[in-house]
Structures are given as structure tokens and as C-alpha cells.
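Structural description and commentary
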Amino acid sequence: MPETRPKTRRLSALFLLGCLLFNYPILSLFNREIFPFGIPLLYLYLFSVWLLLILLTALGAHSKTSSPPPEISDISRRKRLPKP
Amino acid sequence: MIEEGVVFFASISYIGLLFGVAYIGDRRADEGRSIISNPYIYTLSLAVYCTAWTYYGSVGRAAGSGPGFLPVYIGPTLVATLGWVLLRKIIRISKIHRITSIADFIASRYGKSTVVGGVVTVMAVIGIIPYIALQLKAVSVSFLIVREYPNLVKPGYFTTVPIFHDTSFYAALLLALFAIIFGTRHLEATERHEGLVAAIAFESLVKLIAFTAVGIFVVYSIHDGFADLMTEFRKTPKIQSLLELGHAPGTYADWGISIFLSMLAFLLLPRQFHIAVVENVDEDHLNRAVWLFPLYLLAINIFVLPIAGAGLLRFSGMGIEADTFVLTLPISEKQGIITLLVYIGGMSAATGMVIVETVALSTMISNDLVMPVLLRLPFLRLLHRGELKGLLLFIRRASIILVLLCAYTYFRFIGEFYELVSIGLVSFTAVAQFGPSLIGGIFWKGGNRKGALCGLISGFLIWGYTLVIPSMAQTGLIPEHIITHGPWDIGWLKPYTLFGLTDFNPISHAVFWSLLVNLSAYIGVSLFTRTDTLEHTQATLFVDVFRYSEDTSPLWRGTASVPDLHSLLERFLGSARAEEAFSLYAQRHPDAGHPLEAGDERTADSGLVDYAEKLLAGVIGSASARVMVASVVKEEPLGMAEVMHILDETRQVIAYSRELERTTDELVAANERLKELDRLKDDFISTVTHELRTPLTSVRALAEILHDTPDIDLSQKEEFTEIIIKRRTVSPG
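Residues numbered from 1 in each chain as written. Chains lettered and ligands numbered in written order. Predicted model: local features only at pLDDT ≥ 70, side-chain atom pairs only at ≥ 80, totals over all residues.

**Some thoughts on unusual backbone geometry**
Negative phi characterises most residues that are not glycine, and trans characterises most peptide bonds. Following Tyr-24 of chain A, the chain continues into Pro-25 of chain A via a peptide bond in cis, with omega recorded as 5°. Relative to the helices and strands, Pro-25 of chain A is located in the loop between α1 (5–21) and α2 (26–29). One non-glycine residue, Lys-334 of chain B, lies in the positive phi region at around 60°. With respect to the secondary-structure elements, Lys-334 of chain B resides in the loop between α15 (325–332) and α16 (336–376). (Helix = DSSP H or I, 4+ residues; strand = E, 2+ residues; numbered from the N terminus.)

See the structure below:
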């Protein structure tokens, strides 16, 4: 599936970015007693990264979708039989 | 004032409402107008990840260790970014092979092995029962707290309730009923339960609304918004310390391992697998779910810290458990309505988890544990009996009740001793043991059955040693000496600090050792043992799932008579559905003709056998389906003639391609020659025209001079005409 490759690559990169930002040592830079806008820096950082990751995932996931999967679930997608 | 009756009535009505939603969901599915077939319902149903542990326990955890509650939700967020890559592959494989549970998935990958399926099932049941017990505990405790409204309840008060006055006992019974009605209503070729999913999605909505409501109440009604609350927090040293992660050694390692653990748990918990994979209607729903689900997690976590801090401020020194702050805060403010809403929200979180988990476990128990054993007991002669549908449904229903009773017993006798979060993480660690064999299995063809078994079992044993044994020691079942001094006073065997590894907390410590051993055993044993043919086949079908669509001819060859196959399907699916299945096959393979029409003597080709086996796998699991089909199929192990035939075909193909290559080479050479000739022709023409043009030009020039200058002197004129006549070439130089 050549057309899904850029999407796969993009999302995998996002995963790595997330792992990086949510972990030591980047995390330790924000583990301080600083309170921008009265909110503890660590929480502000974690929730912002979280939101950023969600936004980027949304962008990445809605980029061109792949071709529809082959017809697999012949029986499961059909209407159920009326019960006897 | 809330009467006990009101609370009881509210609980019963809420569960009644669930029955209603599920009923509508099932009816719409029967009519063919699915209400769950959209990404939003899919996302909400995924949120069954958030249990009572999230609802009550996160606040407890935050009150104890600050940001430590977050990794459990960051993990799934990270997995969601990989959802498109990882989950889609698992979903695609499961749909093609009609896989019904995580035990079935792993068993199917490793050669449809009954043993692997059984081991995974046992591990899952042992690992998950405490987790279900935890939910029952939450229901029970929250009921007892709300009942005392507007008084506050202190810990130590809970243990005295007799069983028949305990709400969680009745809750467990009702949930068993729900799971039986909507989880085992009929046997399907795929284990899909639309009503159940609709109810779960509804529950996720309820718990999010309730938790957000109490959060807003605490932040904006009790306090003056976030900023005010944070200022208050900073004045109290105890809460101040919750605002950051601390700097003890191992803090970041624990943090990272928690994220990693919850990443695995999100994929591998039986209920997550059931909802995300088995109940998935359409792969494309992932497109939205991969970012909407993390958004849900974010939303349900925003108010955790404020509630925890506000509770600590309000109840400092009063001995109220932090796990109950979500309830006790509105109670202390005399807010009856909000209290009731919170209580219902907590119930929705607990019940959703219990329902899906028991349905998923019951499918595993019946398909991967009980059926394979029954089918192999010779004196039952099940292979030759008639209708097996009823038996199968009975096993499912019995195992639902059994699981819930075990969970209830666990909660009554052992579960009292723990706070919510620790039990949950112990279960997470148990299911994380499936990680190497499952994730390894879909990306690495080399993993084999022996490797998977060794990995699973060794990981599970270490899990038991590093987490279960110490917790038994804490409850007094075995002497506590084992934690403090190690068994037989051997220091490096202490279960919490195995081999002297002291920097981790008990959970991270167990995760590290168990997964390390698990993964090493999986890879090591796989590399050094032989893999049989069926394992090779399944490995290829799983790893390269996007290359092989369903209709590739099965690599396994066998034949059976059509009536045998048909009666086999009839016994599990009923005659109408078996009939329908065969017609469908005939429609898709028009050249083969309807398999049932050609009289009793027809033998089914391997395609039809494979089709029937997959249908059966959807009902009784791949390992059992294989046993059943094998009983009517004369399986032809690739004989010498077959092998020679395949070799012959291959040889011919190779010969053809050799010939093609040679022809291609010749063509290339001919083409080169043609190009060369073409170039030569061009050169020749340009030379010739050059050679012609030059003398012509000079002749013409001389003629013009003669014509234009009539008074030219005679000798010169003669010289010119001589040049023209004799056509002496005036060389240009």
C-alpha cells in the first residue's frame, strides 16, 4: 500500500516525538518550582504537550486515507438473520 | 438528605437504563441500522479503559504522589499515535482470521496452538480477577459512603457489612445478568455485540460528564478558579510537594516504565482488545479515534489534581481516604444532587469495565480453555455429537458467573487491604506479559510456539514472584519475613529488590524483570528451536497481512466431503446460517458451483475447507476450530508427489523467467545497434551536404562576379570560367 506510507511514517515519527517529550531528560527541564499563570510548570508542560500531540495526530491521521480494505466480513457486515 | 432507598433506587434505575440502551442497540443491529457504526461511538467505547480506578483512584494517587497518576493516560495517548500502524494491523488480521479474543489471536499466530491459547487464558483470568474485584470494591464503598450522606465516613468502617447487605454483591449479580443477556445472546460468526458496545459508549459519556461536573464544582464553587486553588496549594507544604515530580533516584525511570506499561496494557487488556479489535466495525474509524480518544483522556484528567488538592486542604487530619475525595467533597458541601451524580458516574465507570472484561474473559475461557479440553476427551465423543451450540452458550454463561463470583470473593477476603491504583497496576503487569508474543508475532516471522510459550510462562512466574507473593505476605497469608529478608534468608532473592535492584518502585521493578526475561526467552528460544509448517504459514499470514487478502489460496491443503463440512457448521451456527454461509461461498466462487447442489459425493476443495474453518473459528476459537475441522478433513500432509509438483511448477517458472531475461538482453543489444546506425546515417548526411554545398557556393560566387562586373579584364575572366568549367574545388582551407 504505497499511498499509506507517508501517513505511517508521519504517525510513527509523532510517536517517537511523544516518547521524547514525555520522558527524561526533557521532562526534567520542566520539573521545577515555577508557576507561570499560577499553574505549576510541570502540569502546564505535560498538558500542553499532550494537546499538541493530539492536534498533530489529528492532522496526520486525516491526511489521505488508504484504499478501502478488501471485502472480508461477508457474514458479519450483513444484516443478521431474524431469529427463528 | 439522601435516603438509602433513593441511592438504591438510583443505582437500579441506572443499570435498568443500561439494559435499555443495550436493547435498543441490539434491535437496531437486527434491523440493519447500526448505531455503533461511527467513529464517535467507537472512541467512546474505547474509553472503557477508564475504570473506577480512574474515577476514584486517580485522585487518590494524585494526593499521594502528585503527577504520578498521569503516565497511565499518557501511555495510551502515545499508542494512539501508533494506532494507525499497530491497531489497524491487528484489526485486519483479526477480521481475516475471525479472531475473537486476545488468547485466540496469540494461539492462532503460533500455529493455532491449544496450549498457547490455554496459557494466555489462565494468565489473563488470574491477572484480571483482582482488577474486577477492584471495581466491585469501588461500587460497594461508594454506596456505603453516599448512604451516610450528609455525614462523612471514615476508613475501617467498610469491612463489617454482611454479604446480603452488600450492594456490590447485588451489583455483581446484575452485571452478570447484563453480560449474559447482551454478551452471549447468540453465537455469531464474529463475536460482535452491538447492544453491549452501545451501552459501554453511553457509560463512558456518563462518567466523563459526572467527573467534569464535580471538577467544575470543586474549582469554581468551592474555590475561585484554578489560579486561586493553586495559590492555596502553594501555601501548604504537603500539597506543594505534589506539584512536581520529586528528585528521588529512580523517579524518571519509574515514570518512563509506567508510561511503557500502560502503553502495553492499552493494547493487551482483554477488554481493550475486545472493544478495539473484535467489536471494531470499520478500520477507518481509527482515523478519528486515534486523536479523539486521547482527547477524552485529557479531559478526564484535567480536574484530578484540583480535586486531590482541594480534598487535602479540606480534610487535612480528618482521616478521610484520598480515594474517596471525589465523593466526600460534594458531601461535605451538602450537595445532594452532585453527590448522586458522582455516585452514578463512579458506577458507570465500574460497571462498564466489569461487563466488557467478563464477556471477553468468558469468550476466552470457553473457546481457548474449556472447549479444546472437552473436544479432546475421548469418552465425551463431542466430535460426533449433534448440536453443540447450546453447550457452548452454557459454558460462556457459566464462566461469566464464575468470573464474577471469583472477583467478589477476592474483594471480600483480600481486596480490602489495597488502595485502588496498586491492584490495577498489578493487573497491567500481568497482561503486559502478552506483549512480546503478540507484538513480536505480528512483525517478526521468526517467533515460534516454543518461544512464545517460554516467554509467556517465565514472565508470568516472575510477575507472581515479584508482585503476588509480596502482596500475599502483606495480607498475612505467608510470613512477611520473605519480603524483608528473602526466602531462606537469601538476600538477593527478596521479591521487591530482586538481585539487589533497589532504585525502582515494586511495579517498575516487576515490569522490568518480568518483561526482560519474557522477551529474552521469546527471542532466544524462537531462534534455537524448530518451527513447524503450520506455524510458518500462520506467521507469514500474520506478518504480511496487507499482502495476502483473504482469497489467496490457503497454503494448507486438505479435502473433505461437502456434507460433512455442512453438518459441522450446522452444529455450531444452526442450519439457516450454515446454509447462508455456503450460498455466500458459492456466490463468490461462481465457477465452482454451489457446493451443496452436486450431491453427496462432492469433495470440498481446500478453499471451502479453509472458509469453513474460519467461520468456525469465529465461534469457537481458532484452536478448537482446527480440531473440529480436522475431524472431518482428510488432511493431506504435503506428500512427495505434491512436493515434486510444486517443485516442478517452480522450476518451470524459473525456466520461463530465464528465457525472458535472455530475450530482454537480446532486445537491448539490438536496440543499441539500431541507435548506432541511426547516428551513423545522420553523420553521413551532414558530411555529404557539407561537401556539396561548399563548391556550389563558390561556383555561384564566381558567376555572380562575372555577371556584376562586365568590364572585368579578360585574363581574369578566363581564369574564372576555367575554374567553373573544370569544377576545381576551392577548398575552404
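**Comments concerning the packing of helix α7 (residues 167–183) of chain B against α16 of chain B**
Describing two packed helices takes the angle between their axes plus the distance from one axis to the other. All names here are of chain B. Viewed as axis vectors pointing N to C, α7 and α16 meet at an angle of 55°, and their least axial separation amounts to 9 Å. What the angle tells us is that α7 and α16 run oblique. As α7 runs across α16, the sense of the crossing is right-handed. Contact residues: α7 offers Leu-175, Phe-178, Ala-179 and Gly-183, while α16 offers Thr-351, Val-354, Ile-355, Thr-358 and Val-359. Residue classes in the contact of α7 with α16 are distributed as 6 nonpolar, 3 polar and no charged. (Axes fitted to C-alpha atoms, helices over the stretch in contact; angles between N-to-C directions. Parallel < 35°, antiparallel > 145°, perpendicular 65-115°, else oblique. Left-handed = near helix turned anticlockwise from the far one by under 90°. Contact = placed C-beta atoms within 7 Å. Nonpolar A, V, L, I, M, F, W, Y, C, P; charged D, E, K, R; others polar.)

**Looking at the interface of chain A and chain B**
With 45 residues of chain A in contact, the opposing surface of chain B contributes 46 residues. Elements that contribute at least two residues to the side of chain A that touches chain B include exactly α1, α2 and α3 (41–62) of chain A. Per element, the largest residue contribution to the side of chain A that touches chain B is 12 residues, and it comes from α3 of chain A. Partitioned by chemical class, the residues of the side of chain A that touches chain B number 27 nonpolar, 12 polar and 6 charged.

**Here we look at the confidence of the model for chain A**
Residues and elements named next belong to chain A. Across chain A, pLDDT averages 73, with 69% of residues at or above 70. The secondary structure element of chain A with the lowest average pLDDT is α2, at 84, and the one with the highest is α3, at 89. Long-range and interchain partners of residues 66–84, a stretch whose pLDDT sits below 50, account for 26 contacts in this model, where long-range means more than four residues apart. (pLDDT = per-residue confidence, 0-100.)

**Brief notes about the environment of Arg-28 of chain B**
All names here are of chain B. Relative to the helices and strands, Arg-28 is located in helix α1 (residues 4–30). The partly exposed category is assigned to Arg-28, around which 17 C-beta atoms lie within 10 Å. Distance from Arg-28 to Ile-712, taken between C-alpha atoms, is 115 Å for residues 684 residues apart in sequence. Non-local contacts of Arg-28, meaning those with residues more than four positions away in its chain, are made with Arg-33, Ser-34 and Ile-35. (Buried ≥ 20, exposed ≤ 12 C-beta atoms within 10 Å, placed from the backbone.)

**Section: the confidence of the model for chain B**
Here chain B averages 82 in pLDDT, while 89% of its residues score no lower than 70. Low pLDDT (under 50) marks residues 551–555 of chain B, which in the prediction has 5 contacts with non-local residues, meaning those over four places away or in another chain.

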